[in-house]
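Each chain, written out:
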Amino acid sequence: MKKLIQTILFAGLVGTFFSCGESSEEIVNVYTHRHYEADQQLFDKFSEQTGIKVNVVSASADELIQKLELEGKGSPADVLITVDAGRLHRAQEKELLQAIDSEVLNANIPAKYREASGHWFGLTYRARILAYHKDRVDPAELESYESLTDEKWKGRVLTRSSENIYNQSLLASIIAAHGEATAQEWAGNLLANMARSPKGSDRDQVKAVAAGEGDVAIVNSYYIGIMLNDSNPEEVKAAEQVGIFFPNQADRGTHINISGAGVTRYAPNRENAIKLLEFLSGEESQRFLANINYEYPVNEKVDKSPLLKSWGDFKSDDINLALLGQNNRSAVMIFDQVGWK
């Protein structure tokens, strides 16, 4: 209840903040779950090029979705930006996003990275890779997400909580590939092979591998890039000790997920919102995100960063990303049933 009251108060303050400017000023109001400096730099470039001021409210995806629900037709938000197709699907399911038709977005973003009717669009993607200790694991031992349930990995696997959307979407992809019964068996067997109780962030999993708490971790690829280029030498040292392995290359491909955005249902500055999404999908913005944040660009005209190139090409799972959202409830239930906390 306390959190709900805080959210309501926050929503009121944000509405006041967004309405304080001159009525003639061109603006676009962004609710974003992403917390990267690269994003703000792109918003600043967008303002420089278009004269449209970008107002930003940052919070968790769940908080932002709840805010949009509470604000309803009076919401000042024009754009929702978040990570994971599961969350974008959730916002769409709650009718918080509107479908838009943009030739620019359709040209810049391949169909597999956007919702079919235009409710949301991927802006970057990241791979859910296996980070293994270079001295304790031979990459020839690694194969797939499924193979991590083999007896040889008992007490060696690290990953984060089942509450994390990245793991929920990974399990959702396994449901899509094998069905719920097999997915439940996989989740239970992987839990039995874990080196410790699931906890911490993806960075924490990498640090735990470096510290010898486990030998292989399931993490998002871009975290390795960020850690390798961190100003903290301890982050760099930990990341340097792990190798990158793209699982499931012999079958469906490595699970990927997106960071994406949609225009909110009651966007008061709809055209400016579309302009911002088009800008973020353009070659300049995509190149910037690829090189600063170590994410894979969705715009196929843009090359990967040198670091990502050094990791090599990989086959990605071509699952319709909307299925990650559709299978989310089943994934959460399975995690609960097997005791993956």
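### Some words on the side chain of S147
(1) Moving on: Within the element layout of this structure, S147 appears in the loop between strand 4 (121–133) and strand 5 (157–158).
(2) Moving on: Reaching out from S147, the side chain makes a polar contact with the backbone oxygen of S144 at a distance of 2.8 Å.

### Things to note about the nonpolar core
In a soluble, globular protein the nonpolar side chains are often hidden away together inside.
(1) Moving on: Counting residues in hydrophobic clusters, the biggest one holds 79 residues, and the most contacted among them are V79 and I224.
(2) Moving on: Y132, Y145, L148 and L171 belong to the second largest nonpolar core, which has 24 residues in total.

### Description of the packing of aromatic side chains
For any pair of aromatic rings, geometry is given as the distance between the ring centres together with the angle between the planes.
(1) Moving on: On inspection of all chains with the given rule, the structure shows nine aromatic pairs.
(2) Moving on: Their ring planes at 15° and their centres at 5.0 Å tell us that Y125 and Y296 sit as a pair that is stacked. One end of the pair, Y125, is in strand 4; the other, Y296, is in strand 9 (residues 296–297), and 171 residues separate them in sequence. Side by side, Y125 and Y296 carry an identical accessibility label, which is buried.
(3) Moving on: Among the aromatic residues, those joined into a cluster by ring pairs are Y113, Y125, F246, Y296 and F314.

### Let's talk about helix 15 (residues 328–338)
(1) Moving on: All buried positions along helix 15 are accounted for by N328, S330, A331, I334 and F335. In a view along the axis of helix 15, the buried residues occupy a sector of 160°, so they form one face of it. Counted as exposed and oriented over 90 degrees from the buried face of helix 15: R329, M333 and D336.
(2) Moving on: Of the surrounding elements, those touching the buried residues of helix 15 are helix 4 (85–93), helix 6 (165–178), helix 7 (180–192) and helix 14 (322–326).
(3) Moving on: Backbone geometry just after helix 15 places G339 at a positive phi near 85°.

Calculation criteria
- Residues numbered from 1 in each chain as written.
- Predicted model: local features only at pLDDT ≥ 70, side-chain atom pairs only at ≥ 80, totals over all residues.
- Heavy atoms only, no water.
- Helix = DSSP H or I, 4+ residues; strand = E, 2+ residues; numbered from the N terminus.
- Polar contact = N/O pair within 3.5 Å; in protein donor to acceptor, adjacent residues only side chain to side chain.
- Core = buried A, V, L, I, M, F, W, Y, C linked by side-chain atoms within 4.5 Å.
- Buried < 20%, exposed > 50% of the residue type's maximum accessible area, 1.4 Å probe, protein only.
- Phe/Tyr/Trp six-rings, centres within 6.5 Å; stacked < 30°, edge-to-face > 60°.
- Arc of directions from axis to C-beta.
- Contact = heavy atoms within 4.5 Å.

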